[in-house]
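Examination of the molecular architecture
The chain contents come next:
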Number of protein chains: 2
Amino acid sequence: MTDPHHLAADDWPALSGGTAGPAALRPLLEEVLAALSAGAQRRGGPIAAGRPAEAADRVRAALADATGPAALARLTELLAHGGADPADPACAAHLHCPPLAVAAAADLAVSALNPSQDSWDQAPAATALERELLAELAALVGFDPAGSAGVLTSGGTESNLMGLMLARDRRLGPDVELDGVPPGVRPRILASQAAHFSVQRAAALLGLGERAVRAVPVDRTLRMDPAALAEALAATAREGAVPVAVVATAGTTDTGAIDPLGPVADLASRYGAWLHVDAAYGGGALFSDRLSPLLAGVERADSVSLDWHKLGWQPAAAGVFLVRRAETYASLARRAVYLNPADDEEAGYPSLLGLSLRTTRRPDAFKLAVTLRTLGRAGLGRMVDRCHELALAAAELVRAEPALELHCDPVLTTVVFRYLPTGTAGSAVDPAAADRINAELRRELLRTGRAVVGRTELPAPAHSSNAAGLVRLKLTLLNPRTTPSDLADLLAAVVRAGRRVEQSS
Amino acid sequence: MTDPHHLAADDWPALSGGTAGPAALRPLLEEVLAALSAGAQRRGGPIAAGRPAEAADRVRAALADATGPAALARLTELLAHGGADPADPACAAHLHCPPLAVAAAADLAVSALNPSQDSWDQAPAATALERELLAELAALVGFDPAGSAGVLTSGGTESNLMGLMLARDRRLGPDVELDGVPPGVRPRILASQAAHFSVQRAAALLGLGERAVRAVPVDRTLRMDPAALAEALAATAREGAVPVAVVATAGTTDTGAIDPLGPVADLASRYGAWLHVDAAYGGGALFSDRLSPLLAGVERADSVSLDWHKLGWQPAAAGVFLVRRAETYASLARRAVYLNPADDEEAGYPSLLGLSLRTTRRPDAFKLAVTLRTLGRAGLGRMVDRCHELALAAAELVRAEPALELHCDPVLTTVVFRYLPTGTAGSAVDPAAADRINAELRRELLRTGRAVVGRTELPAPAHSSNAAGLVRLKLTLLNPRTTPSDLADLLAAVVRAGRRVEQSS
């Protein structure tokens, strides 16, 4: 039996929804803004100085003394103080963008209302809004909005997985069983050496095995060589293996290289392979009249990954997965009697359930729709162009600095380079020493709180097991408010850190 | 060449981060709060009246006229007006909770700063905070915090996928290839008839095939019958198939039934099967001293799914995946040279990359950490108990109403029942007519904007292809501010809608 007296109590913690939600949120949001401000000031730069262990100690201390109503402000200040803030021009390591204020504000509406897109009756407006937004994005890619389909995802990794899942199911049947595939069927996925590691991960998850992925050689800019793809597909055919999919990258993580989409589409088509284009980074170029020609051919893809939390200034997550022909989206069709019963669909209640790998799903489309309506494609295109120009400017600065070596011209908004140890300008560099010094100077910049720059390694050349001399530094420029003078400061800090590391080693 | 004049421009849209972010956000957040308020008032109830096509028309109209700085307010009002608001006591269909205001406010800090957990240098504090939170949650489940491991996920569907992936890789090797598994190996996953559909979906995604999932019979409350599991495992052994995993459900979506975890753990152990416990819903009971004994045995699981966007009052997503023994978490270990190079890890920079299926990853742990510190386990436990009491009260009201039929006693916070067509109380019900009327009365409540109640179907009895008479209605009670009087109103609305549907058919 229940206790009616207890049930009458109404001193429960405030909720964010309903008519009372906004008034309950207002003072809490004011606390958040004050704490964000205090944390950013205390940080005083792109990242707090110190080693990871010190950052972890600060977290433990804050968790130990944050209790009751003070917890929100205490932990928010911790998050801001202990963050790596992409809104600081010296934070330029990753495809980790500074969000637009309008996108972050729109995301609050989503948090407060908590719609979930696994059924219409948890998200009536958000369901329709996602479909409208996807049609606009399909048109941006060059797909027929009426014939294509898609869904918001957690990012390129999930989108790449979905593309490869559809490819697998088309070639090997919609309900593959490990024990049901004839032993002679050897599935192959062809992707460039510089393709994202999520391709291997997807192959493993899908039961195809990482070894199903064949790495196609790239040129110096990390762009797929179409002749090498042709040879790899011919070899697949010769061994009687099945070319399940070709993955083309439109914007590699490091150099921003865009594979030659037209020739790749021709080859995929000739061999009957699904063409998935990973445009998680490069998709942002579609906003720019100047850069969008780089993606010519993307409209021939069977499926595409786009990430607006990269070159789109959205808080994570804002991934998009699109397929050119909606009828190829069959694998996920699903009936759940508590979410999308047949009679509800017949009565006109739409369901997005069968489009996503997830069930509960936050409407990440909302912030993107608000951003697109606020700035327009042209406004976002100007931001893309600005970041591209910053990359060109940074490359010029690198070229002009004898202590630095540019790897290749920027394609999108990244610059790959390395520090040359003293005295090596113009002469041979000890590859192992250069690698060690570049890796260490990056950590030195982190420890001193001066800068967050990227670090990567170039793919090892074919027929070589020697990986020395491959470490590179990277600026990923996603902040349109960064100035050429900020870039000069950042590169000067890199050179100074290189000198310090050399002197102390 | 770049244009220095253009590069000097600084009239870019405001960002949410940095020291200037809070000031830029403040007026935008005020717009959001005003629009949320206006939208909720215009909605005037749990959901706006009308058919889905009308809701979609409103979305198209708003998207057509929302441009420039007015877009944020216009679209936020649309989202609120066109939402199904779980903070309204008459919105009680799904495991779709009304978020706590403090959790939504904490989520704003995450959106504004945009940390990403795929590398330490995108999220220094958030990296340490996630690890601390996971240790606390491991202790809550009964795992050894020092020996276990875990990660935040997008929800139970992803967590269930991860559990089954680890199970597959343990039994079939870490890099399964479809053509590499001996033809005689027939993997099997055993889960109850009432297990979440994401188990089938995971089996398909993992290349095991949906047919690898064997449905173990349940009792009337949808609880797994341990004798039936024993028989299913014995049958698997007899046919020489491999019992890869047993999935136990702690909180079925409909009845909240919790499988007998101790006996299931004994059986899984006897047959060498991985035990995954899907506690996406029932995990909330761990906050409650009164209800947590229902989950006794969960500490024996190899892996567990928990969702704090269900019985935890977080905005989506707030899923958690835990494994009892960290060393079994091998499948995802991964080195990406631009994210977690070996020398950085040796220098003390931790990486969460190898724990998640995602790469970019929003720190969903933050809002949950703030909530736990604000309310404590006891505060959340009181909310869980309150919702449980509401379910008991609703069940009593259903029992007292001759036009309604209770399916079974509530276990957690749901009530499954149906409307009995007029004149059938005490006499035989035409099963097909009852199904049609129950399904239609739910849509009638949606169309009139009076209530959002759940609808489901009971599993068909074994040896029967007749699914009529299985449609049920459901209240999922997740709002502690709901009162018994609200419940009486809601059930009265169900009865009135049933009468109207009968009269008009």
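Residues numbered from 1 in each chain as written. Chains lettered and ligands numbered in written order. Predicted model: local features only at pLDDT ≥ 70, side-chain atom pairs only at ≥ 80, totals over all residues. Heavy atoms only, no water.

1. Overview of the overall build of chain A
Broken down by element type, chain A carries 14 helices and 12 strands. Taking the principal axes of its C-alpha atoms as reference, chain A extends roughly 85 × 60 × 45 Å. Scored against the burial criterion, the 505 residues of chain A give a buried share of 66%. Within chain A, counting contacts between residues at least 6 apart in sequence, those at least 24 apart form 72% of the total. Summing over all exposed atoms, chain A offers an accessible surface of approximately 15600 Å²; the carbon and sulfur share of this is 54%. (Helix = DSSP H or I, 4+ residues; strand = E, 2+ residues; numbered from the N terminus. Buried < 20%, exposed > 50% of the residue type's maximum accessible area, 1.4 Å probe, protein only. Contact = heavy atoms within 4.5 Å. Areas by Shrake-Rupley, 256 points an atom, 1.4 Å probe, with all protein chains shown as cover.)

2. Focus: helix α14 (residues 484–504) of chain A
Compared with an ideal rise of 1.5 Å per residue, which puts 21 residues at 30 Å, α14 of chain A spans 30 Å between its outermost C-alpha atoms and is within 8% of the ideal. Burial in α14 of chain A covers these residues: L487, L490, L491, A493, V494, V495, A497, G498 and V501 of chain A. (Expected span 1.5 Å × (residues − 1).)

3. Concerning the interface of chain B and chain A
Put simply, an interface is often sized by how much accessible area is lost when its parts join up. Counting residues at the interface gives 168 residues for chain B, matched by 168 residues for chain A. Interface of chain B and chain A: buried area, both sides summed, is about 15200 Å²; carbon and sulfur atoms make up 63% of it. A salt bridge links R362 of chain A to D107 of chain B, with the nearest nitrogen and oxygen atoms 3.0 Å apart. If you look at where chain B meets chain A, you find 57 residue pairs in polar contact (both at pLDDT 80 or more). Of the residues forming the side of chain B that touches chain A, the biggest block, 14 residues, is contributed by helix α12 (residues 365–400) of chain B. Split by residue class, the side of chain B that touches chain A holds 96 nonpolar, 37 polar and 35 charged. (Buried area = accessible area lost by both parts, 1.4 Å probe. Salt bridge = Lys/Arg side-chain N within 4 Å of Asp/Glu carboxyl O. Polar contact = N/O pair within 3.5 Å; in protein donor to acceptor, adjacent residues only side chain to side chain. Nonpolar A, V, L, I, M, F, W, Y, C, P; charged D, E, K, R; others polar.)

4. Quick notes on the confidence of the model for chain A
All names here are of chain A. Looking at chain A, pLDDT values average 94 and 94% of them are 70 or higher. Confidence over residues 1–9 falls short of pLDDT 50; this stretch has 16 contacts with residues more than four positions distant or in other chains. Quick note on the complex model: pTM equals 0.96, ipTM equals 0.96. (pLDDT = per-residue confidence, 0-100.)

5. As for the pattern of salt bridges
Within this structure, the stated rule accounts for 76 salt bridges over all chains. Between R447 of chain A and E444 of chain A there is a salt bridge whose closest N-O contact spans 3.5 Å. Here the residue R447 of chain A and the residue E444 of chain A both occupy positions in helix α13 (residues 431–448), the gap between them amounting to 3 residues, near one helical turn. Take R447 of chain A and E444 of chain A: they sit in the same class, and that class is buried. In this structure, E158 of chain B engages R358 of chain B in a salt bridge whose closest nitrogen and oxygen atoms are separated by 3.7 Å. Residue E158 of chain B is found in helix α7 (residues 156–172), and its partner R358 of chain B is found in the loop between α11 (342–346) and α12; the two are separated by 200 residues along the sequence. Note on accessibility: E158 of chain B and R358 of chain B belong to one class, buried. One salt-bridge network, held together by shared partners, links D121, D343 and D344 of chain A together with E440, R442, R443, E444, R447, R455, E457 and R500 of chain B.

6. Some points on helix α5 (residues 101–113) of chain B
Residue and element names in this part refer to chain B. When the terminal C-alpha atoms of α5 are compared, their 19 Å separation across 13 residues agrees well with the 18 Å that a helix rising 1.5 Å per residue should span. Burial within α5 is extensive, with 13 of its 13 residues counted as buried. Just downstream of α5 lies N114, where phi reads positive at about 55 degrees.

7. Section: the state of the cysteines
Taken as a whole and judged by the stated rule, the model has 0 disulfides over all chains. The structure places no disulfide on C91 of chain A, whose sulfur is separated from the nearest cysteine sulfur, that of C97 of chain A, by 11 Å. Residue C91 of chain A is classed as buried on the basis of its relative accessible area, which comes to 9%. This cysteine, C387 of chain B, is not joined by any disulfide, and C97 of chain B carries the nearest cysteine sulfur, 9.6 Å off. (Disulfide = S-S within 2.5 Å.)

8. Topic: the nonpolar core
Judged by nonpolar contacts, the single largest core of 187 residues is most densely connected at V277 of chain A together with V277 and W313 of chain B. When near neighbours in sequence (up to four residues on either side) are disregarded, V277 of chain B contacts A248, A250, L261, V298, A301, S303, V304 and S305 of chain B. Core analysis: the next-biggest nonpolar cluster, separate from the first, contains 62 residues, V199 of chain A together with L166, I189 and A212 of chain B among them. (Core = buried A, V, L, I, M, F, W, Y, C linked by side-chain atoms within 4.5 Å.)

9. Some details on the relation of the copies chain B and chain A
What relates the pair of chain copies is a rotation about an axis plus a shift along that axis. Rotating chain B by 180 degrees about the axis while translating it 0.0 Å along that axis superimposes it on chain A, leaving an RMSD of 0.0 Å. Within this description, the copies of the chain are treated as partners about a two-fold rotation axis. A shared interface surface links the copies, since 100% of the contact residues of chain B are contact residues in chain A too. (Least-squares fit on C-alpha atoms with pLDDT ≥ 70 in both.)

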